[in-house]
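# Understanding the architecture of this molecule
Chain by chain, the residues:
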Amino acid sequence: MTTHHHAPARRGTRGRLALTGVALLVALAVVIAPSPALPATSAASAAQEGAAPRLVITEGGTAEHPAVYRGGGRTVGDITVEADHVVVEGYRVDRPKAPGIEITGHDITVRDNTVRRPHGGDGDGLRFFGDDLKIQRNTISGTSNRYGHADCMQTFADDTPPSRRVLIEGNRCEDIDNMCLMAEGPNDGEGNGHGVTSDFTIRDNYCAARKASQALMFEDVRNATITGNTFPAGPHHAIGLAIGSTGAHIGGNKVSPHIAYEVGIDSSSRPGYAGPEPGGAP
């Protein structure tokens, strides 16, 4: 089988640029931060290059009152969240250094954003790490394998935490060279062996993957529920389950007749599987 494993280079952490004045936390209220400020040197550099400033969020809210960052259609260079209890919505990210959006933390929602044509790095649109994450109604398009294995979304667990209780809903992955989702747990052979990646809900997404063998790939990811998604022609099969990706529940997806089969699975991922009869290897 071909699962388009990622080169080790994609596991590196891109350089961080902390912004001052990005987050204003108001007690017992949501935070609205449509125009984070750049340090003077960074602003000057961005102006010289004609680039939009980066949005780096390092301050969150509480479970009852999350920090809300509303873009209102504003364009930023890319988005990095390293905080808990955060909502990021309504930003445009055009030709960012990949990944266009990266989130790490607990209770983070990323919704109604647009990422277009990420470049450099490994070319990914969005990466996520942590617990209780919601990725909803985003549009990610134009990832290119000229930079690596360019997925719409990806998570792994080596120098980053495993991910649990993740909702991926109503997103559009368009013109994606590699996979719409590559999800790798800590025991996939490349991870750090600590913790569990589990409890993903992937529903009502549009997933146009062009060159990978599968549109969604899970390695060492337990208890994935995959329903109501649309898979147009492109990959050989829609979903791959491998390396102990047990407990998957799959149904109600729309799969192009030009895709050979909906689900590929290995023997280690069979326990707890419920869904259409697998058609072959993952």
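Computed from a prediction, not measured in an experiment: that's the story for all the values here.

The full count for this structure, using the stated rule, is 14 salt bridges. For the salt bridge of Arg54 with Asp78, the shortest nitrogen-to-oxygen distance reads 2.9 Å. In this pair, Arg54 is assigned in the loop between helix H1 (40-49) and strand E1 (55-57) and Asp78 in the loop between strand E3 (75-76) and strand E4 (79-82), connecting sequence segments 24 residues apart. Residue classification places Arg54 among the buried positions, given a relative accessible area of 16%. Asp78 sits in the buried class, given a relative accessible area of 6%. Residue Asp132 pairs with Arg165 through a salt bridge whose shortest N-O separation is 2.7 Å. On the criterion of sequence distance, the pair formed by Asp132 in strand E9 (residues 126-136) and Arg165 in strand E12 (residues 164-169) is long-range, its members being 33 residues apart. A residue is classified by how much of its surface remains accessible, and Asp132, at 24% relative accessible area, is partly exposed.

A cis amide bond, omega -5°, links Ala98 with the succeeding residue Pro99. Counting through the fold element by element, Pro99 comes out in the loop between strand E6 (92-94) and strand E7 (101-111). Within the chain, Asp204 stands out as a residue other than glycine whose phi angle is a positive 60°. Its location among the elements puts Asp204 in the loop between strand E15 (198-203) and strand E16 (206-209). The phi dihedral of Ile243 falls on the positive side, at around 55°, and the residue is not glycine. If you trace the backbone, Ile243 turns up in the loop between strand E20 (237-242) and strand E21 (249-251). Looking at Ile243, the relative accessible area reads 31%, which means it is partly exposed.

Right, let's get into the state of the cysteines. Here, the word disulfide means a covalent bond between the sulfur atoms of two cysteines. Going through the model one piece at a time under the given rule, you end up with 2 disulfides. What pairs with Cys152 in a disulfide is Cys173, and their sulfur atoms sit 2.2 Å apart. Around the S-S axis, the bridge from Cys152 to Cys173 shows a dihedral of about -75° and counts as left-handed. Taken as a pair, Cys152 in the loop between strand E10 (139-143) and strand E11 (153-155) and Cys173 in strand E13 (residues 172-176) lie far apart in primary sequence, 21 residues in all. Of the two residues, Cys152 and Cys173, both sit in the buried class. Here Cys180 engages in a disulfide with Cys207; their sulfurs sit 2.0 Å apart. In this structure, the disulfide formed by Cys180 and Cys207 twists by about 115° around the S-S bond and is classed as right-handed. With Cys180 in the loop between E13 and strand E14 (181-184) and Cys207 in strand E16, this pair connects stretches of sequence that are 27 residues apart. With its bonded cysteines labelled in order along the sequence, the chain shows the pairing 1-2, 3-4.

The rules behind each value
Sequence order sets the numbering: in each chain, residues are counted from 1 along the sequence as written. Given that this is a predicted model, residues contribute local features only at a pLDDT of at least 70 and side-chain atom pairs are listed and counted only at 80 or more, while totals for whole chains, interfaces and linings are drawn from all residues. Think of the side-chain values as coming from all heavy atoms in the structure, minus any hydrogens and water. Whenever a carboxyl oxygen of Asp or Glu lies within 4 Å of a side-chain nitrogen of Lys or Arg, that contact is scored as a salt bridge. The helix and strand labels rest on DSSP assignments: H or I over at least four residues marks a helix, E over at least two residues marks a strand, and numbering proceeds from the N terminus. For the exposure calls, accessible area comes from a 1.4 Å probe over protein chains only, and a residue counts as buried if that area is under 20% of its type's maximum, exposed if over 50%, partly exposed in between. Here, the term disulfide refers to a pair of cysteine sulfur atoms separated by no more than 2.5 Å.

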